[in-house]
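As a plain string of letters, each chain reads:
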Amino acid sequence: MSESGDGRLGLTVTHRRYVPYSHAHYAGNLVDGAYALGLFGDVATEVCIRTDGDEGLFASYSDVQFRGPVRAGDVVEVSATVTRVGTRSRTLDFVCAVVCRGEGVGSAASVLPEPLVAVTATGTVVVPPRP
């Protein structure tokens, strides 16, 4: 396991996504928490491609925290940061933050002055052994 001196350690990948109304699942146009977990899988895949040249496999989540709502019409920013590099495993810290929010009247929306953290998690991915 390498905790320092590894060029992969500290790498952050960020995606932004508009949350369509077709994903609303609950009253108030709320989106279920699994939506953010799916986005975490997307950024984790890019991390694995960048660090190891392979899509990798998601092994586990730990410490998933649902901190605020994600609603249809939001724009979310999802990031994954490599915090530990093992022989074949990588530990990633994830954040899903709402950066724009619909105002609930027609198509009005605004950029939030500060992102609202909606979901955080830690996850582990594994990659194939190096040849």
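Residues numbered from 1 in each chain as written. Predicted model: local features only at pLDDT ≥ 70, side-chain atom pairs only at ≥ 80, totals over all residues. Heavy atoms only, no water.

Colleague: Just give me the short version of unusual backbone geometry, but keep the residues and values in it.
Modeller: At asparagine 29, a residue that is not glycine, the phi angle is positive and equals roughly 60 degrees. Mapped onto the elements, asparagine 29 comes out in the loop between strand E1 (12-18) and helix H1 (34-52). One non-glycine residue, aspartate 63, adopts positive backbone phi at about 50 degrees. Considering the arrangement of structural elements, one finds aspartate 63 in strand E2 (residues 57-66). (Helix = DSSP H or I, 4+ residues; strand = E, 2+ residues; numbered from the N terminus.)

Colleague: An account of the pattern of salt bridges is needed here, citing residue identities and associated values.
Modeller: One pass over the full model with this rule turns up 6 salt bridges. A salt bridge links aspartate 52 to arginine 90, with the nearest nitrogen and oxygen atoms 2.7 Å apart. A residue pair is termed long-range when its members are at least 10 positions apart, and aspartate 52 in helix H1 and arginine 90 in strand E4 (residues 89-102) qualify at 38 residues. Arginine 101 is the salt-bridge partner of aspartate 74, the closest N and O atoms lying 2.8 Å from each other. With a gap of 27 residues between them, aspartate 74 in the loop between E2 and strand E3 (75-85) and arginine 101 in strand E4 connect regions that are remote in the sequence. (Salt bridge = Lys/Arg side-chain N within 4 Å of Asp/Glu carboxyl O.)

Colleague: Explain the confidence of the model for the chain to me, and be specific about the residues and the numbers.
Modeller: Detail in the predicted coordinates should be disregarded across regions flagged by low pLDDT. In this model, the chain carries a mean pLDDT of 91, and residues with pLDDT of at least 70 account for 95%. In this model, residues 1-5 is a region of pLDDT below 50 whose contacts with residues beyond four sequence positions or in other chains number 8 contacts. (pLDDT = per-residue confidence, 0-100. Contact = heavy atoms within 4.5 Å.)

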